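# Observations on the model geometry
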Amino acid sequence: MVSQGEIHEFTFSEKTPVRLDRYLAEVLPLQSRSRIQELIKTGFVKIDSGVITKASTQLTQPCHIEIEVPPAQSSQLIPENIPLDILFEDENVIVVNKPAGMVVHPAHGHPTGTMVQALLAHDPFLQGIGGVQRPGIVHRLDRNTSGVMLVAKNEQAHRWLQNQFKSRKVEKIYYALVDGHPPTPTGRIEVGIQRDPRDRKKMGIAYGKQGRAAISEYKVLQEFKDHTLLEVKIFTGRTHQIRVHMAYLSCPVAADTVYGRRHPSLPLERQFLHSRLIRIALPGEKEKREFVAELPSDLQEVLDTLS
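Source: prediction; values computed, not measured. (Residues numbered from 1 in each chain as written. Predicted model: local features only at pLDDT ≥ 70, side-chain atom pairs only at ≥ 80, totals over all residues. Heavy atoms only, no water.)

### Things to note about helix α3 (residues 115-122)
Given 3.6 residues per helical turn, the α-helix brings residues three or four places apart onto the same face. Note the cut-off: Classification of residues uses two cut-offs on accessible area relative to the type maximum, computed with a 1.4 Å probe and protein chains only: under 20% is buried, over 50% is exposed, and between them is partly exposed. Secondary structure elements are taken from DSSP: a helix is a run of H or I of four residues or more, a strand is a run of E of two residues or more, and numbering for both begins at the N terminus.
Most of α3 sits inside the fold, with six of its eight residues counted as buried. Taken residue by residue, α3 has Met115, Val116, Gln117, Ala118, Leu119 and Leu120 as its buried positions.

Rendered as structure tokens:
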């Protein structure tokens, strides 16, 4: 164990017994419980000068606790100086207007040029998530979907944002141009989504108790001869949710060659789907903030040709 981190010391004097990891998670709110469990397991915690390696250790009597939190390790990712459209930034979060074509995380076939690598170059002093110096991604956009994305800069912000998303307190609104016309001017789709058993790269509709619940609401913003511009609000964040739900209505997202027409109905290089707005309470705040990304030029130009 290399001793290079911050030392925190506490005196436990409570009458009610409590697990060591739970106690440390309460007195160190900047660290997640899983991170604290890892530190205990690897020998960074002492009780009365003796190293303790079991997170389940019960604190039953007064004692002195010492925990060392080492600095975030360097990520294996290589920062890349890629321009980013930053909509907002403070000490906790970065709000980015992601361009179409950019992958969020490095993956097979996309080892470079990702948003994570661009963020590491933008802020090389990120505090890190889970002990690793990397940005905290709490939600994703498909490679060819543009628009607003939130990223955590530290562990506490990461947990805060995750809790906001899990409790469905975040408002996420997309613009989608679809082929055809939906059955009603407004609607709510409550149809589960699961991995397509015939193609693991695709998602599909889940019937009965299979799959995961998915909820989307839409309203018509503008109608054209063969297309409709929709505002879509999602209450869950399933993979390809809007694209699958629109295809379920027989109104696939325009130029979505995976769930829609094999030959796009419009001259677009990617699906017409844009994360336009997110409303969320940032870490430590009660009132929600609103972040908006206007339609990028490729989508706006297509709309102009339809008007």
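### What about the nonpolar core?
Rule in force here: Residues belong to a common nonpolar core when they are buried Ala, Val, Leu, Ile, Met, Phe, Trp, Tyr or Cys residues joined through side-chain atoms within 4.5 Å.
Counting 45 residues, the largest nonpolar core has Leu177, Val232, Ile242, Met246, Phe272 and Leu303 as its most contacted members. Those elements that place two or more of their residues in this core are β9 (93-98), α3, β12 (146-152), β13 (171-179), β16 (203-206), β18 (227-234), α5 (241-248) and α6 (297-306). At five residues, β13 tops the list of elements feeding residues into this core.

### Comments concerning the sheet that holds strand β6 (residues 63-69)
Rules: Here, a strand pair is defined by DSSP locating no fewer than two bridges between the strands.
The strand order across the open sheet built from four strands is β1-β6-β3-β4, with neighbouring strands paired in antiparallel fashion. A single partner strand is all that each edge strand has here, and the edge strands are β1 (6-12) and β4 (50-51). Direction of pairing for strand β3 (residues 45-47) relative to β4: antiparallel, over a ladder of two bridges. Paired with Ile47 across the strands is Gly50, a residue of β4.

### Let's talk about the side chain of Thr236
Test applied: Side-chain atoms alone can form a polar contact between residues adjacent in sequence; in general such a contact is a pair of N or O atoms within 3.5 Å, and within protein one must be able to donate a hydrogen while the other accepts it. Working rule for contacts: check all heavy atoms of both residues, and any pair within 4.5 Å makes them a contact.
Among the secondary structure elements, Thr236 is positioned in the loop between β18 and α5. Overall, the relative accessible area of 4% leaves Thr236 in the buried class. Only 3.0 Å separates the side chain of Thr236 from the backbone nitrogen of Ile215, close enough to count as a polar contact. There is a polar contact of 2.8 Å between the side chain of Thr236 and the side chain of Gln241. Other than its neighbours up to four places away in sequence, Thr236 contacts Arg168, Lys172, Ala213, Ala214, Ile215 and Gln241.

### Things to note about the pairing of strand β19 (residues 273-280)
Every regular strand shows the same layout, with side chains that alternate between the two sheet faces. Burial analysis of β19 places seven of its eight residues in the buried class, which makes it a mostly covered element. In this structure, β12 lies alongside β19, joined through two bridges in parallel fashion. Within β19, the position partnered with Ser146 by the bridge is His274. As paired strands, β13 and β19 are joined by six bridges and run antiparallel to one another. When the sheet's bridge partners are listed, Tyr174 is paired in β19 with Ser275. Two strands pair when backbone bridges link them, and β19 and strand β20 (residues 289-292) are joined in this way by four bridges, in the antiparallel orientation. Bridge pairing links Leu277 to Val292 in β20.

### Considerations on helix α2 (residues 33-41)
Here is the rule: This arc corresponds to the set of directions leading from the helix axis out to the C-beta atoms.
When we look at burial in α2, the residues that qualify are Arg35, Ile36, Leu39 and Ile40. Here the buried residues of α2 occupy an arc of 140° about the axis, which is enough to place them on one side. Residues of α2 that are exposed and point over 90 degrees away from its buried face: Ser34 and Lys41. Buried residues along α2 sit against α1 (20-27), β3 and β6. Looking one or two residues beyond α2, the residue adopting positive phi is Gly43, at roughly 90°.

### Quick notes on the pattern of salt bridges
Here is the rule: In the sections that follow, a salt bridge refers to a side-chain nitrogen of Lys or Arg positioned within 4 Å of a carboxyl oxygen of Asp or Glu.
For the structure on display, the rule yields 18 salt bridges. The salt bridge partner of Lys153 is Glu89, with a shortest N-O separation of 3.0 Å. Residue Lys153 is located in the loop between β12 and α4 (155-166), and its partner Glu89 is located in strand β8 (residues 86-89); the two are separated by 64 residues in the primary sequence. Judged by relative accessible area, Glu89 falls into the partly exposed class, the value being 33%. Here Glu171 and Lys288 are joined by a salt bridge, their closest N and O atoms 3.4 Å apart. Within this pair, whereas Glu171 is found in strand β13, its partner Lys288 is found in the loop between β19 and β20, the two being separated by 117 residues in sequence. The class of Lys288 is partly exposed, set by a relative accessible area of 41%. Sharing partners across several salt bridges, the network here consists of Glu171, Lys233, Arg279, Lys288 and Glu290.

### Examining the environment of Glu190
Tracing the sequence through the fold places Glu190 in strand β14 (residues 186-190). Relative accessible area serves as the criterion here: at 54%, Glu190 is assigned to the exposed category. Non-local contacts of Glu190, meaning those with residues more than four positions away in its chain, are made with Ala214 and Ile215. There is a polar contact of 2.6 Å between the side chain of Glu190 and the side chain of Arg188.

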